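# Structure at a glance
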Amino acid sequence: MKVSMLWSRYFLKQRWVLWSLFLTNSLGTIYGYYWYKYQLVDTWEHSPKWQIVFVPDSPTASLFFSLALLFLLFPMKKQKRWLSAIRVVIEALAVVTSIKYGIWACAMILAGAYQGESLIWQDWMLISSHLAMAIEAVLFVRLFRFAGISLCLAAAWTWLNDYVDYKYDVYPYLPQALWDDVSAVSTFTIILTGVSVVTAGIACYYRLRQERMMSGSSNKLNVKL
């Protein structure tokens, strides 16, 4: 088997692949919320309750991706319009936030190490798992259905999350070496959201173009037949 098969549409659509990723992401989501437990409790006790939604960034991204995988695992022949609308928004959120927070977490850990923080095995585990989040998001765009409007909604939500994080100081805990660089981290985070949205948009564009090409080829074949 060629290595390229591992990121082909055929391979990614295999049910055992989808189930494996669903279970992995679900477990990662549960662990992620557990990892945020102290910040969640602190926010709940000392901040307006509505801010708690914006505290756990990475686990919420993996939750969106897990839900998007469920739609692939259990396709509906006659999907209701409202459910289809929910689906494409979840898919867009899954891709944008997984790319964004996957890269963000790696960047923060490595930036802290650059400024003197010691890297332990948990850091390398977080780097590998968050990098995987970003990679799987880009790969699965080909199987998702979202487009322009849902992508704009995902972008709006993610920028709103950035605003709340750094306006009300509910951003994820940073390595101690970065405590005096919050302003720079805020700028990087906002820009990274834009990069993630553009990346998702480009991937979506190529998916739609490929689908149109395949549809055109199919129509020509039908005419010949």
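Further up the page is the structure itself.
On a predicted model such as this, the values are computed, not experimentally measured, just so you know. (Residues numbered from 1 in each chain as written. Predicted model: local features only at pLDDT ≥ 70, side-chain atom pairs only at ≥ 80, totals over all residues. Heavy atoms only, no water.)

Looking only at helices and strands, the protein has eight helices and zero strands in total. Taking 225 residues into account, the globule formula puts the C-alpha radius of gyration at 17 Å, and the protein, at 19 Å, falls close to it. Counting every position in the protein, which comprises 225 residues, the buried fraction comes to 42%. The long-range share in the protein, meaning contacts at least 24 apart out of those at least 6 apart in sequence, stands at 81%. A total of about 13200 Å² of accessible surface is found on the protein, and carbon and sulfur atoms cover 69% of it. Taking the average location of the 20 positive side-chain charges in the protein and that of its 13 negative ones, the two points are 26 Å from each other. (Helix = DSSP H or I, 4+ residues; strand = E, 2+ residues; numbered from the N terminus. Rg over C-alpha atoms; globule rule 2.2 N^0.38 Å. Buried < 20%, exposed > 50% of the residue type's maximum accessible area, 1.4 Å probe, protein only. Contact = heavy atoms within 4.5 Å. Areas by Shrake-Rupley, 256 points an atom, 1.4 Å probe, with all protein chains shown as cover. Lys, Arg positive; Asp, Glu negative; His and termini not counted. Charge placed at Lys NZ, Arg CZ, Asp CG, Glu CD.)

Once that is clear, we can look at the packing of helix H4 (residues 57-73) against helix H5 (residues 81-114). As a packed pair, H4 and H5 sit with axes 8 Å apart at the nearest point and diverge in direction by 135 degrees. If you check the angle between H4 and H5, you find them oblique. The two elements H4 and H5 cross, and the hand of that crossing is left-handed. Residues Asp 57, Ser 58, Ala 61, Phe 64, Phe 65, Leu 67, Ala 68, Phe 71 and Leu 72 of H4 touch H5, and the partners they reach there are Leu 83, Arg 87, Ile 90, Glu 91, Leu 93, Ala 94, Thr 97, Ser 98 and Tyr 101. (Axes fitted to C-alpha atoms, helices over the stretch in contact; angles between N-to-C directions. Parallel < 35°, antiparallel > 145°, perpendicular 65-115°, else oblique. Left-handed = near helix turned anticlockwise from the far one by under 90°.)

This part is about H4. An α-helix turns once per 3.6 residues; consequently, residues spaced three or four apart project the same way. Over its 17 residues, H4 runs 25 Å from end to end, which matches the ideal 24 Å to within 8%, given 1.5 Å per residue. Among the 17 residues that make up H4, 14 are buried, leaving the element largely enclosed by the rest of the structure. (Expected span 1.5 Å × (residues − 1).)

Located in the positive-phi region is Asp 169, a residue other than glycine, with phi close to 55 degrees. Within the secondary structure, Asp 169 is located in the loop between helix H7 (148-167) and helix H8 (182-224).

A few words on the packing of aromatic side chains. If you walk through the whole model with that rule in mind, you get twelve aromatic pairs. Between Phe 11 and Trp 16, the aromatic rings sit 5.6 Å apart at their centres with planes inclined by 85 degrees, giving edge-to-face as the arrangement. Pairing Phe 54 with Trp 157 gives two aromatic rings, centres 5.1 Å apart and planes at 20 degrees, and the pair type is stacked. With Phe 54 in the loop between helix H3 (37-46) and H4 and Trp 157 in helix H7, this pair connects stretches of sequence that are 103 residues apart. In this structure Phe 54 comes out as buried when scored by relative accessible area, which is 7%. (Phe/Tyr/Trp six-rings, centres within 6.5 Å; stacked < 30°, edge-to-face > 60°.)

For the rest of this paragraph, the subject is the side chain of Asp 165. Here Asp 165 is to be found in helix H7. Look at Asp 165: it is buried, it has no salt bridge, and the nearest opposite charge is Lys 100 at 6.6 Å. Filtering out sequence-adjacent residues up to four positions away, Asp 165 remains in contact with Phe 54, Asp 57, Val 170, Tyr 171 and Pro 172. (Salt bridge = Lys/Arg side-chain N within 4 Å of Asp/Glu carboxyl O.)

With respect to the helices and strands, the residue Thr 193 is situated in helix H8. Sequence separation between Thr 193 and Gly 32 is 161 residues; the distance between their C-alpha atoms is 20 Å. Setting aside anything within four residues of it in sequence, one finds Thr 193 in contact with Lys 100, Thr 158, Trp 159 and Asp 162. Here Asp 162 takes part through its side chain, which lies 2.6 Å from a polar atom of the side chain of Thr 193. (Polar contact = N/O pair within 3.5 Å; in protein donor to acceptor, adjacent residues only side chain to side chain.)

Moving on: the pattern of salt bridges. Using the criterion set out here, one finds two salt bridges in the structure. In this structure, Lys 100 engages Asp 162 in a salt bridge whose closest nitrogen and oxygen atoms are separated by 2.7 Å. With a gap of 62 residues between them, Lys 100 in helix H5 and Asp 162 in helix H7 connect regions that are remote in the sequence. Both residues of the pair, Lys 100 and Asp 162, count as buried.

Relative to the elements of secondary structure, Thr 60 occurs in helix H4. The class for Thr 60 is buried, based on a relative accessible area of 16%.

The next point concerns the packing of H5 against H7. Contact geometry for H5 and H7: axes closest at 8 Å, N-to-C directions at 45 degrees. Judged on the interaxial angle alone, H7 and H5 are oblique. The handedness of the crossing between H5 and H7 comes out as right-handed. Of the residues in H7, those touching H5 at Val 88, Val 89, Ala 92, Leu 93, Val 96, Thr 97, Lys 100, Tyr 101 and Trp 104 are Ser 150, Leu 151, Leu 153, Ala 154, Trp 157, Thr 158, Asn 161, Asp 162 and Tyr 166. In terms of residue class, the contact of H5 with H7 is built from twelve nonpolar, four polar and two charged. (Nonpolar A, V, L, I, M, F, W, Y, C, P; charged D, E, K, R; others polar.)

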